[in-house]
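Here is how the chains run, residue by residue.
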Amino acid sequence: MQKYLTLADGTQWIGTAFGDRSMTGAGQIVFNTGMTGYQETVTDPSYLNQLIAFTYPLIGNYGIDPTVNQATTLGTQAVIVHELADFSDHYTSRQTFDNFLATHHVPGIQGIDTRELTIHLRQTGTQAAILSNQPVIDFGATLAQIPLKQLAAQALPTALPTTQQPHIVIIDFGEKAAITQALQARGCQVTVVPATSRFNLIQAYHPTGILLSNGPGNPNDYQAVSPLIRQLAATYPLAGICLGHQLIAQAFGATTYQLPFGHHGLNHPVQLTATGQVIMTSQNHDFAVDPQSIQHTPLQITAIELNDGSVEGLRLPGQTVMSVQFHPEAHPGPAEAGQFFDHFIQQLNQPEVLANA
């Protein structure tokens, strides 16, 4: 069965359908350069309403392990690969990638030149795309007819926290499960609350610290949360990851901009300004903090992306506030960035160390 991938600029690729063959997908198309981690990628809520093109030529070879999903639902609109593995061969595999996408009603296309597609996106920038069963005649009209997905609703926590310390409250803008797991592995109790939560609800959980999660979309769409972030920063140690990093920047006066084709991959080199150390990081974002705008804020840059010089970390001198653009929890990706969690947890017990730095 044929599938048609059509970009807003009129470029088209024709391939073979997999996943949910009856579905049409539409949204922003991005490319991911990871050689592994396709399951964690498609279950990452940050890919909400995006079509994911994998640059690695063979996808699906180790199947699906249900224990590594980053969310219970798939927000991605479609998956694009050069070649889909005919079978999976791994002891943790419980189903094929093809069947997994079909179960979650996500369409896919294989058999196209993903190298050509990636080069095209690097030259033209991220744009809207449609994956359909028929050639697209009127792109705008077709795009308008395809419904967007919504993030799965986050249920309110039902139990009051225990006496375990430290206790981190994560404000969920589209959190990956690996963030909670990374904190729990370091001895933290974790409570996840919706992004719509008010200060008094968060305060009722008596947190030791607050973490703003990753999530999808344009940080400018979250301007209403800035007053809450400033209130939290004045009351608790505060950290942010990816979108959470951008929201902290905006709350203290910085601005953001859209990258030409985003950062989606597992091998982005980041330099920590305090030590000069370079770490390899996992990244998934389409927007970044404008470094020029930081000059007019109390924020300080703590990390830089070495490929394009974009801002990868911030701190707020005098307060226990820190953030990173990359994903310290990885999954998929290198684990060396996990030191961010270690540093934050250390500050929960000794906040004056950071505040006086």
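Residues numbered from 1 in each chain as written. Predicted model: local features only at pLDDT ≥ 70, side-chain atom pairs only at ≥ 80, totals over all residues. Heavy atoms only, no water.

- The protein has the name Carbamoyl phosphate synthase small chain in an unreviewed UniProt entry, where Lactiplantibacillus daowaiensis is given as its organism.
- Quoted verbatim from the Subunit (unreviewed entry) field of the UniProt record, the comment on the protein reads "Composed of two chains; the small (or glutamine) chain promotes the hydrolysis of glutamine to ammonia, which is used by the large (or ammonia) chain to synthesize carbamoyl phosphate. Tetramer of heterodimers (alpha,beta)4."
- In its Sequence similarities (unreviewed entry) section, the UniProt record describing the protein reads: "Belongs to the CarA family." (UniProt positions renumbered as here; feature names shortened; annotations may be inferred.)

## Structural notes on the overall build of the protein
Right, so step 1: Of the regular secondary structure elements, the protein holds eleven helices and 18 strands.
Right, so step 2: The globule rule puts the C-alpha radius of gyration for 357 residues at 21 Å, and the 20 Å found for the protein is close to it.
Right, so step 3: Each principal axis of the C-alpha atoms in the protein carries an extent, and together these give about 60 × 40 × 35 Å.
Right, so step 4: Within the protein, the proportion of its 357 residues that are buried is 56%.
Right, so step 5: Here the analysis covers contacts within the protein between residues at least 6 apart in sequence; of these, 73% occur between residues at least 24 apart.
Right, so step 6: Total accessible area on the protein is roughly 14,900 Å²; 53% of this is exposed by carbon and sulfur atoms. (Helix = DSSP H or I, 4+ residues; strand = E, 2+ residues; numbered from the N terminus. Rg over C-alpha atoms; globule rule 2.2 N^0.38 Å. Buried < 20%, exposed > 50% of the residue type's maximum accessible area, 1.4 Å probe, protein only. Contact = heavy atoms within 4.5 Å. Areas by Shrake-Rupley, 256 points an atom, 1.4 Å probe, with all protein chains shown as cover.)

## A short note on the layout of surface pockets
Unoccupied space between atoms shows up once a probe the size of one water molecule is rolled over them.
Right, so step 1: By volume, the second largest pocket is sized at about 470 Å³.
Right, so step 2: If you go around the second largest pocket, you meet 21 residues; those closest to its centre are Leu 272, Ala 274, Thr 302, Gln 339 and His 343.
Right, so step 3: Elements with a minimum of two residues in the lining of the second largest pocket: β16 (300–305), β17 (311–315), β18 (321–324) and α10 (339–349).
Right, so step 4: For the lining of the second largest pocket, the leading source of residues is β18, giving four residues.
Right, so step 5: For the lining of the second largest pocket, the residue count by class is 13 nonpolar, seven polar and one charged. (1 Å grid on protein atoms, 1.4 Å probe; cavity = no way out; pocket = protein on both sides within 12 Å on 5 of 7 lines; lining within 4 Å. Points joined across faces, edges and corners; volume = space filled by probe spheres on them. Nonpolar A, V, L, I, M, F, W, Y, C, P; charged D, E, K, R; others polar.)

## Here we look at the pattern of salt bridges
Opposite charge on two side chains permits them to pair, given that their charged atoms come into close proximity.
Right, so step 1: Scanning all chains against the criterion turns up four salt bridges.
Right, so step 2: Where Arg 21 meets Asp 98, a salt bridge forms, and the shortest distance between an N and an O atom there is 3.2 Å. Separated by 77 residues along the polypeptide, Arg 21 in the loop between β2 (12–19) and β3 (25–32) and Asp 98 in helix α2 (residues 97–103) bring together distant segments of the chain.
Right, so step 3: A salt bridge links Glu 329 to Lys 176, with the shortest nitrogen-to-oxygen separation between them at 3.0 Å. Placement of the pair is Glu 329 in the loop between β18 and α10 and Lys 176 in the loop between β10 (167–172) and α5 (177–185), with a sequence separation of 153 residues.
Right, so step 4: The exposure class assigned to Glu 329 is buried, which follows from its relative accessible area of 4%.
Right, so step 5: Residue Lys 176 is classed as buried on the basis of its relative accessible area, which comes to 2%. (Salt bridge = Lys/Arg side-chain N within 4 Å of Asp/Glu carboxyl O.)

## Section: the UniProt feature "domain: Carbamoyl-phosphate synthase small subunit N-terminal" (unreviewed entry) in the protein
Right, so step 1: Those places that UniProt annotates as "domain: Carbamoyl-phosphate synthase small subunit N-terminal" (unreviewed entry) correspond, in this numbering, to residues 1–132.
Right, so step 2: Span residues 1–132 is 17% helix and 33% strand, its end C-alpha atoms 11 Å apart.

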